[in-house]
Every structure is written in C-alpha cells, then in structure tokens.
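These are the residues of each chain, in order.
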Amino acid sequence: QQLESLSPNYPKAHLIKAAALYRLGRYTEALTSIEAELRLRNHPEAYFYQALVYRGLSDTTAERSALENLLLANIKGRITYQLDAVSPRVLQITEGDAGNRRLRTIFDQLYALFPTERSVVSTLAEIHNRLGEQAKAAELMQRFPAATTR
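For the structure given in this document, a descriptive report is provided here. (Residues numbered from 1 in each chain as written. Predicted model: local features only at pLDDT ≥ 70, side-chain atom pairs only at ≥ 80, totals over all residues. Heavy atoms only, no water.)

Each helix and strand in the protein chain was counted, giving nine helices and zero strands. A total of 150 residues make up the protein chain; the buried ones form 45% of that total. Once local pairs closer than 6 in sequence are excluded, the contacts in the protein chain between residues at least 24 apart make up 53%. Carbon and sulfur atoms make up 49% of the accessible area of the protein chain, which amounts to about 8000 Å² in all. (Helix = DSSP H or I, 4+ residues; strand = E, 2+ residues; numbered from the N terminus. Buried < 20%, exposed > 50% of the residue type's maximum accessible area, 1.4 Å probe, protein only. Contact = heavy atoms within 4.5 Å. Areas by Shrake-Rupley, 256 points an atom, 1.4 Å probe, with all protein chains shown as cover.)

Below you can see the structure in the form of structure tokens.
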C-alpha cells in the first residue's frame, strides 16, 4: 500500500498489491488493484492474476475472459508468458463450438508465432479434435510429436 500511495503509477505497484491481496483471499480488493493496473498497463501478468482471482471467486466466465486476454497480450507482445499453465486451464473451462472456435483463432495466432511451443501445439490439436477436425489435429501432432506428452 505504501508503494501504491507514494507512486500510484509505479510499474506493477497495483499488481504487487493485487498479488498480496489474492494470497490473503481478499479477492474483491485484489480485483480493484488489478483493474487499476490494467488501466496503466495492459500486460499478461495482470490478466494472469485476474484469472486467479476469478477462479477463487468461482466465476469461470470471467476467468476464461481473463485467460483469453492473457493469451492475446502474449500475441501482441510476442511472448509466451504462462502458456504451460494457462493452456490446459482455458481448455478445461471452455465449452461449446463457439468457445472452441474462439480459442482456435487465438491458438492459430500463437502457433504462427511459436510453432515449436509444446503447449501451443498440443492445445491447438485438442481444440481441432473438439471441433471434429481430427485430420488437422493429426497433422499438427505429426509435425511436432513431442507435443503429445503434457
């Protein structure tokens, strides 16, 4: 709190506070700090904590949105922040063809940037399987067979 009051625009001040509040189980307060952080800087780490908080609140719709925003921020920044942790979770809480098609669009972009990233390849293959596109899934796994082991 002291860092935040002395310099409210200090990089990650709100995020540091949000992380502490999350660990204390004070989810609503953590969300307020995360929202303040996102107004200053749009970055994957803030979305990661946002997803954790929403998971703590049992709000899977908001959690999924935060995870998708994290993935989109990774695309924008051309980075792989928390992909190994996020990919299985976003798959777990995504339902229906519309949700899977939205994920396919995101993971197609991630695959274009990171074609050898195991979590990207295996997640994209699973999305193709869910959408009844087994041939595409098999083709992905042939190109990168190491992705089959999670």
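Moving on, we come to the packing of aromatic side chains. Scanning the entire structure with this criterion turns up four aromatic pairs. On the basis of an interplanar angle of 80° and a centroid distance of 6.0 Å, the ring pair of Phe 48 and Tyr 49 is categorised as edge-to-face. Ring geometry for Phe 48 versus Tyr 81: centroids 6.1 Å apart, planes at 90°, classification edge-to-face. Taken as a pair, Phe 48 in helix 4 (residues 44-56) and Tyr 81 in the loop between helix 5 (60-77) and helix 6 (83-92) lie far apart in primary sequence, 33 residues in all. Here Phe 48 falls in the buried class, since its relative accessible area comes to 16%. (Phe/Tyr/Trp six-rings, centres within 6.5 Å; stacked < 30°, edge-to-face > 60°.)

A few words on helix 4. The terminal C-alpha atoms of helix 4 lie 18 Å apart, and with 13 residues this matches the ideal 18 Å at 1.5 Å per residue to within 8%. Of all the positions in helix 4, only Pro 44, Ala 46, Tyr 47, Phe 48, Tyr 49, Gln 50, Ala 51, Val 53 and Tyr 54 are classed as buried. Note on helix 4: the residue one or two positions beyond its end, Ser 58, has a positive phi of about 60°. (Expected span 1.5 Å × (residues − 1).)

This part takes up the environment of Arg 101. Relative to the helices and strands, Arg 101 resides in helix 7 (residues 96-113). Classification of Arg 101 as partly exposed rests on a relative accessible area of 40%. Distance from Arg 101 to His 128, taken between C-alpha atoms, is 8.9 Å for residues 27 residues apart in sequence.

Right, let's talk about the environment of Arg 41 for a bit. Following the sequence through the fold, Arg 41 ends up in the loop between helix 3 (27-40) and helix 4. Judged by relative accessible area, Arg 41 falls into the partly exposed class, the value being 29%. At a separation of 2.9 Å, a polar atom in the side chain of Arg 41 contacts the side chain of His 43. (Polar contact = N/O pair within 3.5 Å; in protein donor to acceptor, adjacent residues only side chain to side chain.)

Turning to the nonpolar core, a few remarks are in order. Core analysis: the largest hydrophobic core is formed by 42 residues, its most contacted members being Leu 71, Phe 107 and Leu 110. Secondary structure elements with two or more residues in this core: helix 2 (13-23), helix 3, helix 4, helix 5, helix 6, helix 7, helix 8 (118-130) and helix 9 (134-143). (Core = buried A, V, L, I, M, F, W, Y, C linked by side-chain atoms within 4.5 Å.)

What follows concerns helix 5. Taking 1.5 Å of rise per residue, the 18 residues of helix 5 would be expected to cover 26 Å, and the 25 Å separating its terminal C-alpha atoms lies within 8% of that figure. Of the residues making up helix 5, those classed as buried are Ala 62, Glu 63, Arg 64, Ala 66, Leu 67, Glu 68, Leu 70, Leu 71, Ala 73, Asn 74 and Ile 75. Where the residues of helix 5 are buried, they touch helix 4, helix 6 and helix 7.

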